[in-house]
Amino acid sequence: MQLSKYSAVLRSLAVLLLCGLLAACFGGRHSKSDELLKTSDIPAAYDLTLHADKDGQFDLDGATLAPEDLRGHLHYLEEQHTAVKTVLLKPGEKYKVKSVHINELAKIGYELKFRAFIDNDGEISEVRARAVEN
């Protein structure tokens, strides 16, 4: 009886310590390293245009995509030899571009090696993620 009570407490402590360790190592990894850059090298046209949607999701031609779904779609395009080189994120009809949109787009752009741009009230900025050195 006593042993099971202590083992449950120890197990809970171990899980909390592990969560704390993971949060310390990976928490905010990309949000600290994401950069919005004013650039003069702005493309005249973009391979893909997205709109901000609710809860950090993206609207692509009327379809609401979670970041994972967008990543999958872009992987699919890459497999079909039509990989995107530039992506523009604009405010949606009801939703503004928020930091969660920028962070997710920066991560995906970093992984898939495309340039990501944000349109904030007609002012276009490039967003980049960079690896954080430990």
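Residues numbered from 1 in each chain as written. Predicted model: local features only at pLDDT ≥ 70, side-chain atom pairs only at ≥ 80, totals over all residues. Heavy atoms only, no water.

## Looking at unusual backbone geometry
And step 1. Residue D61 is not a glycine yet carries a positive backbone phi of 50°.
And step 2. Looking at the element boundaries, D61 is found in the loop between β3 (58–60) and β4 (63–65).
And step 3. If you check the backbone angles, D121 has positive phi at about 55° while not being a glycine.
And step 4. When you line up the elements, D121 lands in the loop between β6 (115–120) and β7 (123–128).
And step 5. The exposure class assigned to D121 is exposed, which follows from its relative accessible area of 80%. (Helix = DSSP H or I, 4+ residues; strand = E, 2+ residues; numbered from the N terminus. Buried < 20%, exposed > 50% of the residue type's maximum accessible area, 1.4 Å probe, protein only.)

## Examining the side chain of D53
And step 1. Note on placement: D53 falls in the loop between β2 (48–52) and β3.
And step 2. No salt bridge is formed by the buried D53; the nearest opposite charge belongs to K54, separated by 6.0 Å.
And step 3. There is a polar contact of 2.9 Å between the side chain of D53 and the side chain of T64.
And step 4. Apart from the residues lying within four places of it in its own chain, the contact partners of D53 are F58, D59, T64, Y95 and H101. (Lys, Arg positive; Asp, Glu negative; His and termini not counted. Salt bridge = Lys/Arg side-chain N within 4 Å of Asp/Glu carboxyl O. Polar contact = N/O pair within 3.5 Å; in protein donor to acceptor, adjacent residues only side chain to side chain. Contact = heavy atoms within 4.5 Å.)

## Re the nonpolar core
And step 1. L50, L74, L105 and F114 are the most contacted members of the largest nonpolar core, which has 23 residues in total.
And step 2. Elements represented by at least two residues in this core include exactly β2, β3, α3 (67–79), β5 (86–90), α4 (99–112) and β6.
And step 3. It is α4 that contributes the most residues to this core, five residues altogether.
And step 4. The residues contacting L105, other than those within four sequence positions of it, are L50, F58, V87, L89, F114, A116, F117 and I118. (Core = buried A, V, L, I, M, F, W, Y, C linked by side-chain atoms within 4.5 Å.)

## Remarks on the packing of aromatic side chains
And step 1. In this structure the tally under the stated criterion is one aromatic pair.
And step 2. The ring of Y110 carries K113 above its face, with NZ or CZ at 5.9 Å from the centroid. (Phe/Tyr/Trp six-rings, centres within 6.5 Å; stacked < 30°, edge-to-face > 60°. Lys NZ or Arg CZ within 6 Å of the ring centre and 35° of its normal.)

## Remarks on the pairing of β6
And step 1. Relative to β6, β5 is paired through four bridges, and the arrangement is parallel. Among the inter-strand pairings, L89 is bridged to a residue of β6, identified as I118.
And step 2. Each parallel crossover has a hand, and for β5 linked through α4 to β6 it is right-handed.
And step 3. Between β6 and β7, which follow one another and run antiparallel, lie two residues, and D121 among them has a positive phi close to 55°. (Pairing = 2+ DSSP bridges. Right-handed = clockwise from strand over helix to strand, strands pointing away.)

## Focus: the pattern of salt bridges
And step 1. Inspection of every chain in the model, using the stated rule, returns four salt bridges.
And step 2. Across the pair E111 and R71 runs a salt bridge whose closest N-O atoms are separated by 2.8 Å. Remark: R71 occurs in helix α3 and E111 occurs in helix α4; sequence separation between them is 40 residues.
And step 3. E111 gets classed as partly exposed once you look at its relative accessible area, which sits at 41%.
And step 4. Taken together, the shared-partner salt bridges in this structure form one network comprising R115, E126 and R128.

## Quick notes on α4
And step 1. Here α4 contains 14 residues, and its C-alpha end-to-end distance of 20 Å stays within 8% of the 20 Å for a straight helix at 1.5 Å per residue.
And step 2. Along α4, the residues classified as buried are H101, I102, N103, E104, L105, A106, I108, G109 and L112.
And step 3. Positive phi shows up at K113, right after α4, with a value of about 60°. (Expected span 1.5 Å × (residues − 1).)

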